[in-house]
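Examining the three-dimensional arrangement
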Amino acid sequence: MHALGTSPAHSQVILTILCALPTLESLFAAIRVSKAFHSAYKKHAKQVLHSVTSNFVGPALPLALQVVRHDDRLRGEDSMTEDSENEDEIALQSALKEARTLVENANMVAEWEDLFSFLRKNRRFKTSQLTPLESWRFRKAMYRIMIYSRLFPSDKSAYSVSTTPDNRKLSEELAARNKFLSDCFTNELGQLQVVAEFMAQIIRWVDSVDGLDMQVFGDFISIAQSAGPAVILECYKTLGFEPLTEEINRLCPDTTPEYFEDTRPRPLLSGYLTNSITAALQSRDPGYAPYNQTIHFGTGRECSHCAQQIFSLGLWGETTWDYLSLSSPILGTYLFPSAASFMKGELPRNVVELKHVEALLVKIPFKEIYDDIFNKGLKLPSYPDRNNDFWLCYQCLTKFITDHLHLWVIMKRKEAKEKVADDCWYGYNCRTQVKLHHAQKLNHLCEPKR
Ligand SMILES: [Zn+2]
Ligand SMILES: [Zn+2]
């Protein structure tokens, strides 16, 4: 009887098991707990790493590898120049590094896919509901855009190339972009168009939320696209364009903020993705009509309350509440400390009640408030019953909160068995509540009775 892993047959089985693991975490866990697994891994590390990452990254692996290897080349493979005796160890370290970056990129692409699926396919699920084929197409397009943004960065030269007709640099650069895209099948170019437009939509949404209104600068969306999907996702997650300005500062020092504000024609930036993709499609079919967003996606979605047509990302709902909570460093300030602006009638002038409101807002996330309004019978009849398709524009969201916040606060106080004063007849409309004595004597977080 052999000890585990010592016979050739055992080793083969162990190797097969390691190669079938779905994630790097599971691989590292496996080799930590078993000596036999560890030595099989040591012996075939590159093969195992490659196999596990390819399980994780999926069929878009060839493109994913191109992205990673492009970045490696840029870094100049400095680890290779180290004069070490142990070449195997170096090879293992670089295989490990590559595997980790592949996984990191794949996670980022998966986050994009979840977002895409949610906004374009099925709003009931936050994780991707794309079919394997749709997912593969989407991911290929994402990786291609990552490669494209690396090959044609918005650096100093892209910034300074002008439109003079005989500009050799400009035509060379455009030809290089065309050549890159000409490797794609026509349906892949179409998918690139869809994904590029989706990225543009996310950028517009961040812009509409962060209040800086970057869109007035003509090339803004193109500049953001040129920074690549990872940077745009970071902007989306932090609801601001700091990651983008940092990236542009890195690529093109000395130009920001002019980079964004410059209105001179910058042919390598404007229409960064869309123009090149359209050109590639037109070179195959001269009759190809330039991309038209409405054909592909229809018009915006309706706000559930005012029925105003809003471009779909501008609506607030189930998946975006977290942005409104104090625990979120981004929009936590939406409700707090501006609580006063969400209080009905004369309540903003009532310091006693404002204290009660703020005490609750500090510790309770908005999602819970929202759930309570529906689940605990606070919802006013003028709002629709809860369903999965309840989406509000910013104005209606603000009105929704203003209509319910005082009802919710008093409910919470009663739930906590706090001593609550009798209701004032004039409720939130009472004009005397500005006087401390009156505010302390009666409750004003209630509807007026006269
Ligand atoms: Zn509305
Ligand atoms: Zn009163």
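Rules and cut-offs
Residues numbered from 1 in each chain as written. Chains lettered and ligands numbered in written order. Predicted model: local features only at pLDDT ≥ 70, side-chain atom pairs only at ≥ 80, totals over all residues. Heavy atoms only, no water. Helix = DSSP H or I, 4+ residues; strand = E, 2+ residues; numbered from the N terminus. Buried < 20%, exposed > 50% of the residue type's maximum accessible area, 1.4 Å probe, protein only. Contact = heavy atoms within 4.5 Å. Areas by Shrake-Rupley, 256 points an atom, 1.4 Å probe, with all protein chains shown as cover. Donors = N, O, S within 2.8 Å, 3.2 Å for Na, K, Ca; no water. Tetrahedral: all angles 85-135°; square planar, octahedral: opposite > 155°, others 65-115°. Core = buried A, V, L, I, M, F, W, Y, C linked by side-chain atoms within 4.5 Å. Salt bridge = Lys/Arg side-chain N within 4 Å of Asp/Glu carboxyl O. Expected span 1.5 Å × (residues − 1). Arc of directions from axis to C-beta. Polar contact = N/O pair within 3.5 Å; in protein donor to acceptor, adjacent residues only side chain to side chain. Phe/Tyr/Trp six-rings, centres within 6.5 Å; stacked < 30°, edge-to-face > 60°. Lys NZ or Arg CZ within 6 Å of the ring centre and 35° of its normal. Axes fitted to C-alpha atoms, helices over the stretch in contact; angles between N-to-C directions. Parallel < 35°, antiparallel > 145°, perpendicular 65-115°, else oblique. Left-handed = near helix turned anticlockwise from the far one by under 90°. Nonpolar A, V, L, I, M, F, W, Y, C, P; charged D, E, K, R; others polar. pLDDT = per-residue confidence, 0-100.

**What to know about the overall build of the chain**
Scanning the chain from N- to C-terminus turns up 21 helices and two strands. When each of the 450 residues of the chain is scored for burial, the buried share is 48%. Taking all contacts inside the chain whose residues are at least 6 apart in sequence as the whole, residues at least 24 apart take part in 67%. As displayed, the chain has an accessible area near 23,100 Å², and 55% of this comes from carbon and sulfur atoms.

**Observations concerning the environment of Asn 178**
Mapped onto the elements, Asn 178 comes out in helix α10 (residues 168-182). With 99 residues separating them in the primary sequence, Asn 178 and Ile 277 have C-alpha atoms 7.9 Å apart. Excluding its chain neighbours within four sequence positions, the residues that come into contact with Asn 178 are Ala 279 and Ala 280.

**Some details on the coordination of the zinc ion (ligand 2)**
Metal coordination angles in their ideal form are 109.5 degrees for the four-donor tetrahedron and 90 or 180 degrees for the six-donor octahedron. Looking at the zinc ion (ligand 2), one finds its protein donor set to be Cys 424 (SG), Cys 430 (SG), His 438 (NE2) and His 444 (NE2), positioned 2.1 to 2.3 Å from the metal centre. Around the zinc ion (ligand 2) sit four donor atoms, and with donor-metal-donor angles ranging over 98 to 122° the site reads as tetrahedral. For the zinc ion (ligand 2), the donor residues sit on a single chain with the sequence spacing C-x5-C-x7-H-x5-H. Remark: His 444 occurs in the segment after α21 (436-441) and Cys 424 occurs in the loop between α20 (394-415) and α21; sequence separation between them is 20 residues.

**Side note on the nonpolar core**
Counting residues in each nonpolar core, the largest one holds 100 residues, and the members touching the most others are Trp 112, Tyr 143, Ile 202, Leu 244, Phe 400, Leu 405 and Trp 408. With 12 residues, the top contributor of residues to this core is helix α11 (residues 186-210). Beyond its immediate sequence surroundings of up to four residues, Tyr 143 is in contact with Val 57, Ala 60, Leu 63, Ala 64, Val 67, Asn 105, Ala 106 and Val 109. One finds Leu 15, Leu 24, Leu 27 and Phe 28 within the second-largest nonpolar core, a separate group that totals 23 residues.

**Considering the pattern of salt bridges**
Inspection of the entire model under this criterion finds 20 salt bridges. For the salt bridge of Arg 349 with Glu 346, the shortest nitrogen-to-oxygen distance reads 3.3 Å. Given the relative accessible area of 48%, Arg 349 is considered partly exposed. Here Glu 415 makes a salt bridge to Lys 412, at a shortest N to O gap of 3.6 Å. Placement of the pair is Glu 415 and Lys 412 together in helix α20, with a separation of three residues, close to one helical turn. Here Glu 415 falls in the partly exposed class, since its relative accessible area comes to 39%. Classification of Lys 412 by relative accessible area gives buried; the value is 14%.

**Looking at helix α1 (residues 8-19)**
Given a rise of 1.5 Å per residue, 12 residues ought to cover 16 Å, and the 16 Å separating the end C-alpha atoms of α1 matches this to within 8%. When α1 is considered as a whole, its buried residues turn out to be Ile 14, Leu 15, Leu 18 and Cys 19. Summarising the axial view, the buried residues of α1 lie within an arc of 130°, below the 170-degree limit, and thus occupy one face. Residues of α1 that are buried make contact with α2 (24-33), α3 (35-43) and α4 (45-57).

**Describing the environment of Asp 71**
Structurally, the position occupied by Asp 71 is in helix α5 (residues 61-75). The exposure class assigned to Asp 71 is buried, which follows from its relative accessible area of 17%. C-alpha of Asp 71 to C-alpha of Arg 150: the two residues are 79 residues apart in sequence and 8.2 Å apart in space. Among the polar contacts listed, one links the side chain of Asp 71 to the side chain of Arg 150, at a separation of 2.7 Å.

**Regarding the packing of aromatic side chains**
One pass over the full model with this rule turns up 13 aromatic pairs. Arranged with centres 5.0 Å apart and planes meeting at 65°, the rings of Tyr 148 and Phe 152 form a pair that is edge-to-face. Accessibility expressed as a relative area gives 6% for Phe 152, which makes it buried. Taken together, the ring pairs in this structure connect Phe 366, Tyr 370, Phe 374, Tyr 383 and Phe 400 into an aromatic cluster. In this structure, Lys 140 is placed above the aromatic ring of Trp 136, and the distance from its NZ or CZ to the ring centre is 3.7 Å.

**Looking at the packing of α4 against α5**
One can describe the packing of α4 onto α5 by two numbers: an axis separation of 10 Å at closest approach and a directional angle of 110°. Between α4 and α5, the interaxial angle falls into the category roughly perpendicular. Crossing of α4 against α5: the hand is right-handed. Residues His 50, Ser 54 and Val 57 of α4 pack against Leu 61, Ala 64 and Leu 65 of α5. Across the contact of α4 with α5, the residue classes tally to four nonpolar, two polar and no charged.

**Focus: the confidence of the model for the chain**
Chain-level pLDDT for the chain is 83 on average; 83% of the residues reach the 70-or-more range. Low confidence marks residues 293-299, where pLDDT is under 50. Its contacts with residues over four positions away, or in another chain, come to 10 contacts. In this model residues 326-333 is a low-confidence stretch, pLDDT under 50, and it forms 19 contacts with partners more than four residues away in sequence or in other chains.

**Remarks on the environment of Leu 251**
Among the structural elements, Leu 251 can be located in helix α14 (residues 242-251). Along the primary structure Leu 251 and Asp 155 are separated by 96 residues, whereas in three dimensions their C-alpha atoms are 5.0 Å apart. Setting aside chain neighbours within four positions, we find Leu 251 in contact with Pro 153, Ser 154, Asp 155 and Lys 156.

**Re α2**
If you check which residues of α2 are buried, you get Leu 24, Leu 27, Phe 28, Ala 30 and Ile 31. The arc enclosing the buried residues of α2, seen along the axis, measures out at 160°, which places them on a common side. Exposed and facing more than 90 degrees away from the buried side of α2 are Glu 25, Arg 32 and Val 33. Structurally, α2 contributes buried residues whose contacts are with α1, α3, α4 and α7 (87-120).

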